[in-house]
Amino acid sequence: MKIVVIGGTGLIGSKTVAILRRGGHEVVAASPSSGVNTITGEGVKEAVAGAQVVIDLANSPSFEDKAVLEFFETAGGNLLPAETAAGVGHHVALSIVAIDRTDNGYFRAKLAQEKLIETSGIPYTIIRATQFMEFLGGIADSSADGNIVRLPPVLFQPIAADDVAANVAEVALAAPQNGIVEIAGPERAPFNEIIARYLKAVGDPREVVRDPAAGYWGGRVEEHSLVPLGEARLGHIGLDEWLRRSQALA
Ligand SMILES: NC(=O)c1ccc[n+]([C@@H]2O[C@H](COP(=O)([O-])OP(=O)(O)OC[C@H]3O[C@@H](n4cnc5c(N)ncnc54)[C@H](OP(=O)(O)O)[C@@H]3O)[C@@H](O)[C@H]2O)c1
């Protein structure tokens, strides 16, 4: 089966490409560095020709509100019609848990991406994941003021990129659900406690302060704002195991 992975060189993309190739599939790892650009349209038609499945794992180079919205709208506007023309039978995209009930600029852009997929007429599955463990350092940085990291005690359930990629590959090979599948890490704990555990483990001296008024990427969050409300597939890699694996690789 020919499978195109848009963003196939990224964090989740490269892991997903490796899993699918190990399964014997013909996988195109598509990205600007390989001449496939969903913003300019370059190479898109050629890449999706003859593909049964397209997995979109691309991400915007800028997270600024307007830039990220433009990225996902333009990319969807170029990619989805090319897939329709090529007769692609399953479009899979990676989105984020709670983007329809937690407000920030990045989540609004992901919601716009989902809407384009849902109205494209292409059979699809949207996978909504919680925050990646690989992103914990970035979250700490974005919530830091000098040596203090302020975070709300809302529930948090990060998932390792290896678990995300395994789920993306599995979903891509299954029948389209024409709906949303949610995935999350195996442990749920207060946001501030998880970031504090992460910083301690990596030897980062910054102090995490529990602050109910602190938001997430500028948006207000409450107890269940970032975790799945219903049934979710759970990853196998907990935070301690992920830390062990990342320290072994460092
Ligand atoms: N971070 C989180 O916690 C989280 C949680 C849930 C879902 N997600 C979603 O997961 C997805 C993958 O994230 P990631 O962290 O794996 O991304 P990443 O590592 O930043 O990789 C981004 C990929 O997108 C490609 N790309 C950039 N511009 C492109 C364009 N114009 N056309 C085609 N490809 C382009 C890049 O290609 P080059 O290498 O050639 O630049 C790269 O392969 C994103 O959609 C994100 O919204 C993230």
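In case you missed it, the structure is sitting above this.
Residues numbered from 1 in each chain as written. Predicted model: local features only at pLDDT ≥ 70, side-chain atom pairs only at ≥ 80, totals over all residues. Heavy atoms only, no water.

Draft legend 1. Geometry of the packing of aromatic side chains. A complete count under the given rule lists nine aromatic pairs for this structure. Ring geometry for Tyr216 and Trp217: centres 6.1 Å apart, planes at 65 degrees, overall edge-to-face. Through a chain of ring-to-ring contacts, the aromatic side chains of Phe107, Phe135, Phe156, Phe191, Tyr216 and Trp217 assemble into a single cluster. (Phe/Tyr/Trp six-rings, centres within 6.5 Å; stacked < 30°, edge-to-face > 60°.)

Draft legend 2. How the structure looks around the environment of Glu231. Mapped onto the elements, Glu231 comes out in the loop between strand S11 (207-210) and strand S12 (233-234). Each C-alpha atom, one on Glu231 and one on Val181, is 8.9 Å from the other, the two residues being 50 residues apart in sequence. (Helix = DSSP H or I, 4+ residues; strand = E, 2+ residues; numbered from the N terminus.)

Draft legend 3. The arrangement of the site of the ligand in detail. Contacts to the ligand come from 26 residues, most closely from Thr9, Leu11, Ala58, Tyr106 and Lys110. At 2.6 Å, a side-chain N or O of Thr9 approaches an oxygen atom of the ligand. One of the backbone nitrogen or oxygen atoms of Asn59 is found 3.1 Å away from an oxygen atom of the ligand. Contact with the protein chains covers 83% of the free accessible surface of the ligand, which is 940 Å². (Near = heavy atom within 4 Å. Polar contact = N/O pair within 3.5 Å; in protein donor to acceptor, adjacent residues only side chain to side chain. Areas by Shrake-Rupley, 256 points an atom, 1.4 Å probe, with all protein chains shown as cover.)

Draft legend 4. Highlighting the pattern of salt bridges. Inspection of every chain in the model, using the stated rule, returns 15 salt bridges. Between Arg108 and Asp65 there is a salt bridge, with the nearest N and O atoms lying 3.6 Å from each other. Residue Arg108 is found in helix H4 (residues 105-118), and its partner Asp65 is found in helix H3 (residues 65-86); the two are separated by 43 residues along the sequence. Given a relative accessible area of 41%, Arg108 falls into the partly exposed group. According to the relative accessible area criterion, Asp65 is partly exposed, its value standing at 42%. Measuring nitrogen to oxygen at the nearest pair gives 2.6 Å for the salt bridge that ties Arg220 to Glu222. We classify Arg220 as exposed; its relative accessible area is 66%. (Salt bridge = Lys/Arg side-chain N within 4 Å of Asp/Glu carboxyl O. Buried < 20%, exposed > 50% of the residue type's maximum accessible area, 1.4 Å probe, protein only.)

Draft legend 5. Representation of the sheet that holds strand S6 (residues 144-145) in the model. If you walk across this open sheet you meet the three strands as S6-S7-S11, and the pairing is mixed. Lying at the two open borders of the sheet, with one neighbouring strand each, are S6 and S11. Strand direction decides the pairing type here: S6 and strand S7 (residues 148-151), joined by two bridges, are antiparallel. In the sheet register, Asp145 faces S7, and the bridge partner there is Ile148. Seen against the sheet, helix H7 (residues 191-201) touches S7 and S11 and runs at an angle of roughly 175 degrees to S11. (Pairing = 2+ DSSP bridges. Contact = heavy atoms within 4.5 Å. Axes fitted to C-alpha atoms, helices over the stretch in contact; angles between N-to-C directions.)

Draft legend 6. Region of the structure containing unusual backbone geometry. A positive phi is found at Ala98, a non-glycine position, where the angle reads about 75 degrees. When you line up the elements, Ala98 lands in the loop between strand S4 (90-96) and H4. If you check the backbone angles, Asn178 has positive phi at about 45 degrees while not being a glycine. Along the polypeptide, Asn178 turns up in the loop between helix H6 (161-173) and strand S9 (179-184). With relative accessibility at 46%, the residue Asn178 sits in the partly exposed group.

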